[in-house]
Amino acid sequence: MSAPQRRPFPLLAAAVLAVIAGAIVGGCGEDGGQPSPARPPTHAKTPRRARPAVDRLTLSQQVGQAIVFSFEGPVVPGYVRRILREGRGGGVILFADNVAGPGAVRRLTATLQRAASGSALVATDQEGGEARIIPFAGPGDGQAQLAGPAAARAAAAAAGRELARLGVNVNLAPVVDVATPGGALRGRSFPGDARAVGASAAAAVRGYGPRPPVAPTVKHFPGLGAAPANTDDGPVTVDATRAQIEARDLPPFRAAIAAGVPLVMASHALYPALDPRRIASQSPLILGRLLRRRLGFDGVIVTDSIEARAVLTRSGVAAAAVRSVGAGADIVLSTGSGSYRDVYDALLAATRRSPAFRARVRDAAARVIALKRRMGLRLPR
């Protein structure tokens, strides 16, 4: 996701949502001819300690844990407080229009936590340099200017302290894509080859601490370094071989996972060598077989912005949300101020209709609750 942008999206009619949700769960995939996964990925195990907490939640609250959404302005609207109070949202993402100064941000995040009884994820994009939503918090330098692991760790530690003081507890950073000549994200990546980026990625993750009040998120899995464009702006295909992806793109994610990163963001690009039909954020092969099983990641998988043009050229946000959760994503990142209801209604309809999807939502909610427990947040009521 391009840090400064909020993705607008118009509301869809409720009847259309019901049709879409039914088609996704009971019928076809994105090309109209392939079925959605019939059961939750067998490799995905619900975190044991989170099971009792999940089972105390209603179905709508379990669905809510799988959504992080946005709102407009520096004051928390009543409907946002109500969603958080009722447990129908796991947290929010802040953009530039939510930020009006240090005191105002602290009041805003305090309001969010009061509404959520202390259980809200409050996320933002704070990569560094110009790619940061909160201009008065670090990192001051962009990732491309951080020469090595020590600098990456120091920048992450400083960002964690400053964001925590403001009440922000999830940073959708660092970018761990390995930049290539002509790559669209080369100005936002750590410098160097796969090994160098991996060392900086691991150092940045450790800079936030083992039980961080601010949880870092590595992105964009399985790697956007070779992408010719940003998925925010249109469809993107990464025409790399499996061997190239293994050697160039995966090592930084392996390093970050070994360092204990709590969240991984899935990209919206298509990787034909890994899955010729489905973009990464909707691919059980990429999220399940590769990220969970082969790389051993047991934390929270969050989508990139569900309103990205790379997504909307394939479907609306409702269908995309169902596909992503069905493929193994734990949080749908809804960055358009009008998209929350579409996403929530579609996920809830799919959960009610399909026992298999209901099990997948339970697993996603358990992973989010395990993350919140790790961060010292209260559990949803």
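First, a word on what this report is: a plain description of the structure on this page. (Residues numbered from 1 in each chain as written. Predicted model: local features only at pLDDT ≥ 70, side-chain atom pairs only at ≥ 80, totals over all residues. Heavy atoms only, no water.)

A closer look at the overall build of the protein chain
Then, in step 1: When helices and strands are counted, the protein chain shows 13 helices and 10 strands.
Then, in step 2: Residues counted as buried form 62% of the 381 residues belonging to the protein chain.
Then, in step 3: Taking the intrachain contacts of the protein chain between residues at least 6 apart in sequence as the baseline, contacts between residues at least 24 apart amount to 78%.
Then, in step 4: Accessible area for the protein chain stands at about 13700 Å²; split by element, carbon and sulfur atoms hold 54% of it. (Helix = DSSP H or I, 4+ residues; strand = E, 2+ residues; numbered from the N terminus. Buried < 20%, exposed > 50% of the residue type's maximum accessible area, 1.4 Å probe, protein only. Contact = heavy atoms within 4.5 Å. Areas by Shrake-Rupley, 256 points an atom, 1.4 Å probe, with all protein chains shown as cover.)

A word on the pattern of salt bridges
Any two side chains of opposite charge can pair, on the condition that their charged atoms come close.
Then, in step 1: The final tally for this structure, using the stated rule, is 15 salt bridges.
Then, in step 2: Its salt-bridge partner being Arg294, residue Glu246 comes within 2.6 Å of it at the nearest N-O pair. With a gap of 48 residues between them, Glu246 in helix H8 (residues 242-258) and Arg294 in helix H9 (residues 284-294) connect regions that are remote in the sequence.
Then, in step 3: Its relative accessible area of 42% is what places Arg294 among the partly exposed residues.
Then, in step 4: A salt bridge links Asp363 to Arg360; the shortest N-O distance between them is 2.5 Å. Of the two residues, Asp363 and Arg360 are both situated in helix H13 (residues 355-375); the distance of 3 residues between them amounts to about one turn of the helix.
Then, in step 5: Take Asp363: its relative accessible area is 3%, and that puts it in the buried class. (Salt bridge = Lys/Arg side-chain N within 4 Å of Asp/Glu carboxyl O.)

Examining the packing of aromatic side chains
Then, in step 1: Throughout the structure, instances matching the rule amount to 3 aromatic pairs.
Then, in step 2: Pairing Phe221 with Phe253 gives two aromatic rings, centres 5.0 Å apart and planes at 85°, and the pair type is edge-to-face. Of this pair, Phe221 sits in strand E7 (residues 215-221) while Phe253 is found in helix H8, placing the two residues 32 residues apart along the sequence.
Then, in step 3: Consider the rings of Tyr340 and Tyr344, whose centres lie 5.7 Å apart with planes at 15°: the pair is stacked. Placement of both Tyr340 and Tyr344 in helix H12 (residues 340-353) is noted, with a separation of 4 residues, approximately one turn of the helix.
Then, in step 4: Of the residues examined, Tyr344 reaches a relative accessible area of 4% and is grouped as buried.
Then, in step 5: A connected cluster of aromatic rings, assembled from ring pairs, spans Phe69, Tyr340 and Tyr344.
Then, in step 6: In this structure, Arg88 is placed above the aromatic ring of Tyr344, and the distance from its NZ or CZ to the ring centre is 5.8 Å. (Phe/Tyr/Trp six-rings, centres within 6.5 Å; stacked < 30°, edge-to-face > 60°. Lys NZ or Arg CZ within 6 Å of the ring centre and 35° of its normal.)

A closer look at the sheet that holds strand E2 (residues 91-93)
Across a sheet, paired strands are connected by hydrogen bonds in the backbone, their directions being either parallel or antiparallel.
Then, in step 1: What the 8 strands build is an open sheet, ordered E9-E8-E7-E6-E3-E2-E1-E10; its pairing is parallel. The strands lining the two open edges of the sheet, one partner per strand, are strand E9 (300-303) and strand E10 (332-334).
Then, in step 2: Bridge analysis of E2 against strand E3 (residues 121-124) gives 3 bridges, and the strand direction is parallel. In the sheet register, Ile93 faces E3, and the bridge partner there is Ala123.
Then, in step 3: Where H8 meets the sheet, its contacts fall on E7 and strand E8 (263-266), and the angle it forms with E7 comes to roughly 160°. (Pairing = 2+ DSSP bridges. Axes fitted to C-alpha atoms, helices over the stretch in contact; angles between N-to-C directions.)

Observations concerning the nonpolar core
Then, in step 1: Counting residues in hydrophobic clusters, the biggest one holds 76 residues, and the most contacted among them are Val92, Leu112, Leu121 and Leu347.
Then, in step 2: Sequence-distant contacts of Val92, defined by excluding residues within four places in its chain, comprise Val68, Phe69, Phe71, Val80, Leu84, Leu112, Leu121, Val122 and Ala123. (Core = buried A, V, L, I, M, F, W, Y, C linked by side-chain atoms within 4.5 Å.)

Describing unusual backbone geometry
Then, in step 1: Look at the link from Lys219 to His220: it is a cis peptide, with omega at 10°.
Then, in step 2: Within the fold, His220 resides in strand E7.
Then, in step 3: Cis rather than trans, the peptide bond between Phe221 and Pro222 has omega equal to 5°.
Then, in step 4: Phi at Ser117 takes a positive value of approximately 55°, unusual for a residue other than glycine.
Then, in step 5: On the secondary structure map, Ser117 appears in the loop between helix H5 (102-115) and E3.

Examining the side chain of Ser70
Then, in step 1: Summarising the element assignment, Ser70 is placed in the loop between strand E1 (67-69) and helix H4 (78-85).
Then, in step 2: Judged by relative accessible area, which is 1%, Ser70 ranks as buried.
Then, in step 3: Here the side chain of Ser70 touches Thr335 through a polar contact of 3.1 Å, landing on its backbone oxygen. (Polar contact = N/O pair within 3.5 Å; in protein donor to acceptor, adjacent residues only side chain to side chain.)

Comments concerning the pairing of E9
Then, in step 1: Side chains Val300 and Val302 project from E9 onto one buried face, and the interleaved Ile301 and Thr303 project onto a second face that is buried too.
Then, in step 2: Bridging between E8 and E9 involves 4 bridges; their strand directions are parallel. In the sheet register, Ala266 faces E9, and the bridge partner there is Thr303.
Then, in step 3: Taken together, E8, H9 and E9 constitute a β-α-β crossover, and its handedness is right-handed. (Right-handed = clockwise from strand over helix to strand, strands pointing away.)

Points about the environment of Thr217
Then, in step 1: Relative to the elements of secondary structure, Thr217 occurs in strand E7.
Then, in step 2: Along the backbone, Thr217 and Ala256 are 39 residues apart, and their C-alpha atoms lie at a distance of 9.4 Å.
Then, in step 3: Setting aside residues up to four positions removed in sequence, Thr217 forms contacts with Val170, Asn171, Leu172, Ala173, Pro174, Leu263, Val264, Met265 and Val302.

Geometric descriptors of this kind do not, in isolation, establish any biological role.
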